[in-house]
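Listed below are the residues making up each chain.
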Amino acid sequence: MTQIEQPPAPAGPGHPPPGGLPVIERMREWRSRWPAGGGAAVFHTVYLDIVERLAPAPGRVGFGDRETAALLGVRCAERYLWAVETAAAGGRPPLCWRPLLPYRRHPGVRPLQFALSGLQAHVGHDLVLAVVDTCRTLGCDPPELEGEFERVGDLLAVLEERVHEELMPDPDALGITDPLTHLVSSWSLDRAREAAWSAARVLWRLRAFPALAEEFRQRTDAGAGLVGRMLLTPCR
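Calculation notes
- Residues numbered from 1 in each chain as written.
- Predicted model: local features only at pLDDT ≥ 70, side-chain atom pairs only at ≥ 80, totals over all residues.
- Heavy atoms only, no water.
- Helix = DSSP H or I, 4+ residues; strand = E, 2+ residues; numbered from the N terminus.
- Areas by Shrake-Rupley, 256 points an atom, 1.4 Å probe, with all protein chains shown as cover.
- Polar contact = N/O pair within 3.5 Å; in protein donor to acceptor, adjacent residues only side chain to side chain.
- Contact = heavy atoms within 4.5 Å.
- Expected span 1.5 Å × (residues − 1).
- Buried < 20%, exposed > 50% of the residue type's maximum accessible area, 1.4 Å probe, protein only.
- Arc of directions from axis to C-beta.
- Phe/Tyr/Trp six-rings, centres within 6.5 Å; stacked < 30°, edge-to-face > 60°.
- Lys NZ or Arg CZ within 6 Å of the ring centre and 35° of its normal.
- 1 Å grid on protein atoms, 1.4 Å probe; cavity = no way out; pocket = protein on both sides within 12 Å on 5 of 7 lines; lining within 4 Å.
- Points joined across faces, edges and corners; volume = space filled by probe spheres on them.
- Nonpolar A, V, L, I, M, F, W, Y, C, P; charged D, E, K, R; others polar.

Visitor: Even after reading the chapter, I still don't get the overall build of the protein, so can you show me in this structure?
Guide: The helix and strand inventory of the protein stands at 9 helices and 0 strands. Starting at the N terminus and walking to the C terminus, you meet the elements of the protein as α-α-α-α-α-α-α-α-α. Of the accessible surface of the protein, which amounts to about 11,300 Å², a share of 55% is contributed by carbon and sulfur atoms.

Visitor: Just to check I follow, could you spell out the side chain of Gln 113 for this structure?
Guide: Locating Gln 113 in the fold gives a position in helix 5 (residues 111-138). For Gln 113, the side chain forms a polar contact with the main-chain oxygen of Thr 233, separated by 2.7 Å. When sequence neighbours within four positions are dropped, the list of residues in contact with Gln 113 reads Gly 108, Leu 180, Leu 183, Leu 231, Leu 232, Thr 233 and Cys 235.

Visitor: How should helix 6 (residues 146-167) be read in this particular structure?
Guide: One turn of an α-helix holds 3.6 residues; hence residues three or four places apart share an orientation. Between its terminal C-alpha atoms helix 6 stretches 31 Å, which fits the 32 Å expected from 22 residues at 1.5 Å a residue. All buried positions along helix 6 are accounted for by Glu 148, Phe 149, Val 152, Gly 153, Leu 155, Leu 156, Leu 159, Glu 160, Val 163 and Leu 167. Within helix 6, the buried residues cover an arc of 165 degrees as seen down the axis, which keeps them to one side. Those residues of helix 6 that are exposed and aimed more than 90 degrees away from the buried face are Gly 147 and Glu 165.

Visitor: Can you walk me through the packing of aromatic side chains in this structure?
Guide: Scanning the model with the defined rule gives 6 aromatic pairs in all. The interplanar angle of 55 degrees and the centroid separation of 5.9 Å between the aromatic rings of Phe 43 and Tyr 47 together place this pair among those described as tilted. Within this pair, Phe 43 and its partner Tyr 47 are both found in helix 2 (residues 39-54), separated by 4 residues, close to a single helical turn. Residues Phe 43 and Tyr 47 agree in their burial class; the two are buried. Centre to centre, the rings of Phe 149 and Trp 197 are 4.7 Å apart; their planes meet at 45 degrees, and the pair counts as tilted. With Phe 149 in helix 6 and Trp 197 in helix 8 (residues 189-205), this pair connects stretches of sequence that are 48 residues apart. Summarising the burial analysis for this pair, Phe 149 and Trp 197 share the class buried. An aromatic cluster is built from Phe 43, Tyr 47, Tyr 80 and Trp 97, whose rings are joined through pairwise contacts. Of note, Arg 33 hangs over the ring of Trp 30, and the distance from its end group to the ring centre comes to 4.4 Å.

Visitor: Would you explain empty space enclosed by the protein in this entry?
Guide: In this approach, a probe sized like a water molecule rolls over the atoms, and the result shows the empty space that is left. Using the criterion set out here, one finds 1 cavity of 30 Å³ or more in the structure. By volume, the largest cavity is sized at about 70 Å³. In this structure, the largest cavity is lined by 10 residues; those nearest its centre are Tyr 47, Ile 50, Gly 73, Val 152 and Leu 156. Taken together, the elements giving at least two residues each to the lining of the largest cavity come down to helix 2, helix 3 (71-88) and helix 6. Top contributing element to the lining of the largest cavity by residue count: helix 2, with 4 residues. Broken down by class, the residue content of the lining of the largest cavity amounts to 8 nonpolar, 2 polar and no charged.

This is the structure we're talking about:
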């Protein structure tokens, strides 16, 4: 089986570690670790708020119950946390997350760029693998998850909107020729979601061909990272 289908122990590239604290607890622990006001802090705080919306009501079963939680959304959050925790431990997170680390304190990269680059990595890579994770867990095919996929996509759209609200500079301070204006308008969450859905369906179909599946995963990771790096182009 490929890394995608059956994570080794310990977890290999691109895989959330087995066990550990629940997603929300892990995300709350990370909330205070990012520099206040930075793109990473805003992305993480808003994302945590969205994940908390997915939590089952007190006294009900946990995230494994399909009726009380959006399993796909939780698998996405696990992928994100795996990347963050791996990087913090000095490991090698997925390629799409690596550009964010060296640019985090670059004086020419604005917080909004960092947040959008994180969103690109999350949609272009994490969401793709989360669909495969969820299909494997539930024993279903991607078309059966399309409604849940759209729901997660709607929540990510809320994340994007709030990131813009908190980090986009005053329009009066930006001109139509400002590089940030160009970068923000050149990236589309809708297009990224469409590409992620296509990639997830292809990856699921390739599960019977381990070598091809792993190659496709790596290329998906690299492609998401390329777009993310472009979003981090210094703008000042």
